[in-house]
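Here are the chains, one letter per residue:
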Amino acid sequence: QAKAAGRGDFRFFEPRFNDAAKDRMRLERELRQALERNQLSLQYQPVFALPDGRLAGAEALLRWTHPALGSVSPATFIPIAEDSGLIVPIGAWVLEQACRQARQWLDAGLDPGVIAVNLSGMQIQRNDLVDTVSSVLARTGLPACHLELEISESYITRHAESDLQRLGQLRALGVSMAIDDFGTGQTSLGHLRRLPVSKLKIDRSFMADIEHDAAAAAVTRAIIGLGHGLGLTVVAEGVESAAQESALVAQHCDLVQGFRYARPLDAPVFAALCARPQPLR
Ligand code: C2E
Ligand code: MG
Ligand code: MG
Ligand code: MG
C-alpha cells in the first residue's frame, strides 16, 4: 500500500519510523480505554486580571495518567485523539467534568470565575455541538456565563461559514468564546471582525523576548490594540517572568495566564485559590 503511494513512501519501512508508528497505535488503543479506566483528569490553570491580579477564572487542561508511562503530554495524546476521532467522546467528558466541577465550586460558595474548555476542530464541525453544550449546562446546572470555549486560531482559519454559524448559536446560549493560540494562524481581519468571540489569547510563543526586544514587543502591542479595537478582551498566555508582566501591563493587556502565577492545578488546589483574596505570587 505504501509502495503504491509512491517511491518517497519507502521511508515508512525504516525501522525507526516503524517503532514510532507502533507506539502511536499502542497509545491510541490505550487512549480508547482511558476514559472508562478513570485515567483522565482535569487540571485548572488560573487566569488573573491585570494590573491588580484579581482571579478571573481558569483554563481546564486535560491530563492522562497512563498506568505504565505515567503522565502523557497533551502534545502527544491530543493529536492521537483528534486523528482517531476519540476527541469527540473525550471532549464531551472534558466539558461535562469542567462544568460539573465549576457548579460544585459555586455550590461551595466559591467564585471560580470563567472556566475555559478547549474544543477541537472535530467537535466544532459536529451538528450536535450546540445540543451537547446546552444539555451539559442543563444537566450540571452551571450558568452559561461561567463557561468559555477556546478554539484554536489554526482551526478557525481553515473553516468557514457553517462552523461559524454554530459558534454564533453557542454564543446565543450565553457561553463566551475565545480564539486560542492567536497570532499563529492567518485569520483575516475582516473575518475576525465577524467572529462571535469575546476574547483573544495571544499564543505563548510571542512572550519570548517581549521585555527586551522591541520587535517582539511591537507584535504583542499590535495584537492587544487590534483586540481592544474590536471590543475584545486580550489574554496573554505563557507569562513566566516579572519583566514580561511589566511589558504586558504597559501594553494594557487585560488578563494573564502562565507559570509566573500558577501552573495548572489539581481541582482542590484551585478551589483553595478561589477562597483566597490574593493571587499566588
Ligand atoms: P493551550 O490550550 O494553548 O493550553 C496552554 C498550554 O500552555 C498548556 O499546556 C499549559 O500547561 C501551557 N502553559 C501555561 N502557562 C505556561 C508557561 O508559562 N510556560 C509554558 N512553557 N507553558 C505554559 P498543556 O496542558 O500541555 O496543553 C497543551 C495543549 O493541549 C493545549 O494548549 C491545548 O491545545 C491542548 N489541550 C489540553 N487540554 C485539552 C482538552 O481538554 N481538549 C482539547 N481539544 N485540547 C486540549
Ligand atoms: Mg487553550
Ligand atoms: Mg492557548
Ligand atoms: Mg497555546
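Keep in mind the model is a prediction, meaning the values are calculated, not measured.

Definitions and limits used
- Residues numbered from 1 in each chain as written.
- Chains lettered and ligands numbered in written order.
- Predicted model: local features only at pLDDT ≥ 70, side-chain atom pairs only at ≥ 80, totals over all residues.
- Heavy atoms only, no water.
- Axes fitted to C-alpha atoms, helices over the stretch in contact; angles between N-to-C directions.
- Helix = DSSP H or I, 4+ residues; strand = E, 2+ residues; numbered from the N terminus.
- Parallel < 35°, antiparallel > 145°, perpendicular 65-115°, else oblique.
- Left-handed = near helix turned anticlockwise from the far one by under 90°.
- Contact = heavy atoms within 4.5 Å.
- Nonpolar A, V, L, I, M, F, W, Y, C, P; charged D, E, K, R; others polar.
- Salt bridge = Lys/Arg side-chain N within 4 Å of Asp/Glu carboxyl O.
- Buried < 20%, exposed > 50% of the residue type's maximum accessible area, 1.4 Å probe, protein only.
- Donors = N, O, S within 2.8 Å, 3.2 Å for Na, K, Ca; no water.

**Brief notes about the packing of helix α3 (residues 87–107) against helix α5 (residues 129–140)**
Okay, step 1: In the contact formed by α3 and α5, the axes pass within 9 Å of each other and the chain directions differ by 30°. The orientation of α3 with respect to α5, classified from their angle, is roughly parallel. Note on packing geometry: the crossing formed by α3 with α5 is right-handed. Residues Leu95, Glu96, Cys99, Arg100 and Arg103 of α3 touch α5, and the partners they reach there are Thr132, Val133, Val136, Leu137, Arg139 and Thr140.
Okay, step 2: The class makeup of the residues in the contact of α3 with α5 is 5 nonpolar, 2 polar and 4 charged.

**Notes on the pattern of salt bridges**
Okay, step 1: Evaluated as defined, the whole model comprises 14 salt bridges.
Okay, step 2: As a salt-bridge pair, Glu30 and Arg26 come within 3.3 Å of each other at their nearest N and O atoms. With Glu30 and Arg26 both in helix α1 (residues 15–34), this residue pair falls 4 residues apart, about one helical turn.
Okay, step 3: Among the residues examined, Arg26 registers a relative accessible area of 32% and is labelled partly exposed.

**Description of the coordination of the magnesium ion (ligand 4)**
Think of it this way: four donors in a tetrahedron around the metal ideally sit 109.5 degrees apart, and six in an octahedron ideally sit 90 or 180 degrees apart.
Okay, step 1: Only Asp181 (OD) and Glu237 (OE) from the protein coordinate the magnesium ion (ligand 4), and they sit 2.2 to 2.7 Å from it.
Okay, step 2: Looking at Asp181, the relative accessible area reads 21%, which means it is partly exposed.

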